[in-house]
Structures are given as C-alpha cells and as structure tokens.
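Geometric and topological summary
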Amino acid sequence: MTDSTSTPLAPGEKPISMFSTFVHPSAPQRVAEVLASTMLSEGKQVKAFEEQLAERFGLVHPAALNSGTSALHLALEVAGVGAGDEVILSAQTFIASAITIVQTGAKPVFADIYYENGNINPADIEHRITARTKAIMAVHWGGYPCDMDEIRAIAARHGLAVIEDAAHAIGATYRGQAIGAISDYTCFSFQAIKHLTTGDGGALCALDPAKAREVFRRRWFGIDRANSPVSETGERVYDLTDVGYKYHLSDYAATLGLANLNGFEERMAHRRQLVAQYQQGLANVPGLKHFEHQSDRESANWLFGFHVENRPAFMRHLKAHGIASSVVHDGIDRNTLFGGKRMDLVQQRRFDETQVHVPLHDDLTAEQVDYIIRTIKQGW
Ligand SMILES: *Cc1c(COP(=O)(O)O)cnc(C)c1O
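Note that the coordinates shown come from a computational prediction; the quantities given were computed from them, not determined experimentally.

1. A short note on the domain arrangement of the chain
Quoted interface sizes are often the accessible area lost when the parts come together. Examined at the domain level, the chain breaks down into domain 1 (27–260) and domain 2 (264–377). The centre of domain 1, based on its C-alpha atoms, is set 26 Å off from the matching centre of domain 2. Between domain 1 and domain 2, the residue contacts involve 40 residues of the former and 40 residues of the latter. Taking both sides of the interface into account, the surface hidden between domain 1 and domain 2 amounts to around 3,600 Å²; carbon and sulfur atoms contribute 58%. Its largest share of buried area at the contact with domain 2, domain 1 owes to Tyr 115, Tyr 144 and His 195, together 24% of the area lost on that side. The interface formed by domain 1 and domain 2 contains four salt bridges. Ionic pairing is found between Asp 344 and Arg 128, a salt bridge with its closest N-O pair at 3.1 Å. Viewed at the interface, domain 2 and domain 1 are joined by 26 residue pairs in polar contact (both at pLDDT 80 or more). Elements with a minimum of two residues in the side of domain 1 that touches domain 2: helix H2 (44–57), helix H4 (96–103), strand S3 (107–111) and strand S6 (173–174). Looking at the side of domain 1 that touches domain 2, its residues break down into 23 nonpolar, ten polar and seven charged.

Okay, structure coming up:
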C-alpha cells in the first residue's frame, strides 16, 4: 500500500505504472466461445489472426507463433544461421535477440548504437563483418525503425540476411513501407506488455514465398500441415526432412489477439498524442536531452525515453511522486554468455548511463502525462 498522506500521488491517487496489459472488453466472451468449441490448438482463429495482420499492418506472409523469441529463433534457422556463424546486432535490446543466436550455435557480435536513439549505427557494422557473418539483426528500439536502407545496402554488399527484431514495432513504418514488409525476416512479439498482445505470442514474416512456406512448415515440427492428409490408418502422411519446432500459436491466444485488434488504430493514435504532449511539455528542460527521431519513419511508440543527467535522482524524484520510470534494458553484451561488457561500444556505454523511459501505455491519460511533465519540471 502507498501512504497517500506522505506521498503526493498522481491524478486518481494510484501510482502510474510503466506498462499496462490491454485486454479488449469483447475478449472474455470471444475466448470463452473458442474454449467451449474445444478447438484450442492452431486452426481457424490463427488463420484469421494472420489474415488481419496482413490486412491491417501490411505484414508480408505473417506466420503466427507462440512468442517473439520463437520468431527470432525460427528466422535465424530459416536464414541458415548455424554453428560457427556470426550475427551482428546492437546490444540495446532484450536478451531474446542474442540468446536465439546462441541457440543456433552462432555467436552474437555487437555493433554500436546511436546515442541519440538506441538503434544500431550502420557505420559500425561493416568492419565487424567476417567470413563467418551470416546476418544482421536490426532491433527497433522502443518501436523507432532502424536505418533500414543503409543496413540493407551493407547486407547486399556482403550477401547477408537481414532479420528485424520488431518486437516493439508493430504498426511502425519506414519511408512509407510497413515494418514487416521490408527485410528478409521480421519478428514481432505479442507478449503481455507489448502493444498488441495474445498473452504470449509472436509472428514471423519472411518476404520470399519459399522461405515463408518453410517458416509455416518448421513452426510445426517440419510437417507441411496443409499437404499432409490423414491416411486411412489414421496417421498423417509426411516425410520429415529437416528439424522443426512446436512454435505455432493456439486458437484461444489468436482469439485474444483478434479481439485486441478492435480499436488498435485509435490506441496507437492515443499513444502518438501522448508522445507529442511529452515532447512539447518537456521541451527545454535543463538536464534532459530528447532522443532524436527522423521524419522519414514513424515509430510504433512502444516506449517514450530520453537522456537525463543524474538519473538516480531523477528516478527517485518520480517514484516519490508515484510515477514509475525504467531503463527497460541495459546493453545486453554485459552478460557472460554473450562475452561480457565491451568497452569498444562507446555510445552504448554512454546510453547505459543516461537513458530512461517514462510511462507510455494504453491506459495512460493526458491528465497523467500532464502530471508527469509537471513533476519532471520541478527538477530533481
Ligand atoms: C519482448 C521482446 C522480445 C521477445 O518477445 P517474447 O514474445 O517475449 O518472446 C524480443 N526482443 C525484444 C526487443 C523484446 O522486447
């Protein structure tokens, strides 16, 4: 319990959280219907969800999976990344980006980021490419798209695959193109606190139709479900030719996703408004430096972050006023599994010291953002 007599609280007297989990009011009824049907595994609802992802966001060949991590792992596998290979990525991400590289037997190689926005800096990629490099993984930090044209040009010069970790970036666009329609592989997450949730879930888009068919086959053990009829003796007719996984989404989870697509554009517009409000309200605050975003791409606004001086005091000040804040993730290279903290990632190390994110989610109101702005402007 928070002591509201000693702690000045936000409008509504409740602490303001970093994230919320959105469940559309129609979801309980819709999921209950699927449960009552007893058709729980991958079926009609998954297919309908995939159709909606393609239609509403322009995703190319989306295959619904049971997590964003599964999407990353399967993308790497289908891209042919394996033992002894290397994949270049930024360290400003969640460990899922690099752990899936390790799962294939390959090695994550970290490139530096832009201090200005947390995304991989294409200028730091090329000198890290070796004969073992197979792919570049672009992580769209907070939902703001990476420099995809520059990354694709480097990949093309060296014959590398491009895999996007778009866990934060559903609905984002880059130079007029949808994220999910640009690179060889794009991976989305529908985990509980992401903008669009199925509880847990994800999607993998492969541009090449043959690779997309491989994704659909290998998400379910490596069996081509559509073309493996059940024989007279009751067994599916198939011949397993390569390793697959049990990565498909289930129908009741897809139904939550379908319900949550209701009003999704409106909720994204709400996020955009809140971000504009933050940017306006926090212009020219001493000790606060905004991230720099270009106008040729639109962020999905999963996070709202910036750099602050004296971050511990900043976060304590917000906490004392009932407002959550978070770094969300520090550079993941520091993990022993990934080789330990790298001092050649100069901008990453600077970013680790000063970045912070303030609440941005579907339940957040303009009044709350106003209160957060006023609290920050008091100084820390
Ligand atoms: C959430 C997230 C993932 C993993 O997604 P899951 O659906 O939780 O497996 C991968 N990368 C990033 C950057 C994420 O934030």
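Now that the structure is up, let's keep going.
2. Here we look at the confidence of the model for the chain
For the chain, the average pLDDT comes to 95, and 97% of its residues sit at 70 or higher. Under a pLDDT of 50 for its full length, residues 1–6 has, in the predicted model, five contacts with residues more than four places off or in other chains.

3. Overview of unusual backbone geometry
With phi around 70 degrees, Phe 221 is a residue other than glycine that occupies positive phi space. When you line up the elements, Phe 221 lands in the loop between helix H6 (209–218) and helix H7 (251–260). Here the phi dihedral of Asn 310 falls at roughly 50 degrees; this positive angle occurs in a residue that is not glycine. Positionally, Asn 310 belongs in the loop between strand S12 (304–308) and helix H9 (311–320). Looking at Asn 310, the relative accessible area reads 49%, which means it is partly exposed.

4. Here we look at the packing of helix H3 (residues 68–78) against H6
Where H3 meets H6, the axes come as close as 10 Å, and the angle between the chain directions of the two elements is 125 degrees. Considering the angle they form, H3 stands oblique to H6. The chirality of how H3 crosses H6 is right-handed. Within the contact between the two elements, H3 uses Leu 74, Glu 77 and Val 78 and H6 uses Lys 211, Glu 214, Val 215 and Arg 218. Split by residue class, the contact of H3 with H6 holds three nonpolar, no polar and four charged.

5. Section: the sheet that holds strand S13 (residues 355–358)
Pairing is antiparallel across the open sheet formed by three strands, whose spatial order is S10-S12-S13. Single-partner strands in this sheet number two, and they are strand S10 (288–290) and S13. The sheet shows a mean angle of 40 degrees between the axes of neighbouring strands, taken without regard to direction. When S10 meets S12, the two strands line up antiparallel, connected through three bridges. Bridge pairing links Lys 289 to His 307 in S12.

6. What about the nonpolar core?
Core analysis: the biggest nonpolar cluster contains 41 residues, and Phe 49, Ile 125, Ile 151 and Phe 188 have the highest contact counts within it. Listing elements by their share of this core, those giving two or more residues are H2, S3, strand S4 (133–139), helix H5 (148–158), strand S9 (202–206), H7 and helix H8 (264–281). Split by domain, this core shows at least three residues from each of two domains, domain 1 (27–260) and domain 2 (264–377). With residues up to four places along the chain from it excluded, the contact list for Phe 49 reads Ala 64, Phe 190, Leu 196, Thr 198, Leu 249, Ala 254, Gly 257, Leu 258 and Leu 261. Leu 74, Tyr 185, Ala 206 and Tyr 245 belong to the second largest nonpolar core, which has 32 residues in total.

7. A few points about the site of the ligand
Near the ligand you find 15 residues, and of these Thr 69, Asp 165, His 168, Ser 189 and Lys 194 are the closest. Thr 69 is positioned such that a nitrogen or oxygen atom in its side chain is 2.5 Å from an oxygen atom of the ligand. Within the side chain of His 168, an N or O atom sits 2.7 Å from an oxygen atom of the ligand. Burial of the ligand by the surrounding chains reaches 91%, relative to a free accessible area of 380 Å². Secondary structure elements with two or more residues in the shell around the ligand: H3 and H4. With three residues, H3 is the largest single contributor of residues to the shell around the ligand. Partitioning the shell around the ligand into residue classes produces four nonpolar, nine polar and two charged.

Conventions adopted
- Residues numbered from 1 in each chain as written.
- Predicted model: local features only at pLDDT ≥ 70, side-chain atom pairs only at ≥ 80, totals over all residues.
- Heavy atoms only, no water.
- Domains from an automatic or database assignment.
- Contact = heavy atoms within 4.5 Å.
- Buried area = accessible area lost by both parts, 1.4 Å probe.
- Salt bridge = Lys/Arg side-chain N within 4 Å of Asp/Glu carboxyl O.
- Polar contact = N/O pair within 3.5 Å; in protein donor to acceptor, adjacent residues only side chain to side chain.
- Helix = DSSP H or I, 4+ residues; strand = E, 2+ residues; numbered from the N terminus.
- Nonpolar A, V, L, I, M, F, W, Y, C, P; charged D, E, K, R; others polar.
- pLDDT = per-residue confidence, 0-100.
- Buried < 20%, exposed > 50% of the residue type's maximum accessible area, 1.4 Å probe, protein only.
- Axes fitted to C-alpha atoms, helices over the stretch in contact; angles between N-to-C directions.
- Parallel < 35°, antiparallel > 145°, perpendicular 65-115°, else oblique.
- Left-handed = near helix turned anticlockwise from the far one by under 90°.
- Pairing = 2+ DSSP bridges.
- Core = buried A, V, L, I, M, F, W, Y, C linked by side-chain atoms within 4.5 Å.
- Near = heavy atom within 4 Å.
- Areas by Shrake-Rupley, 256 points an atom, 1.4 Å probe, with all protein chains shown as cover.

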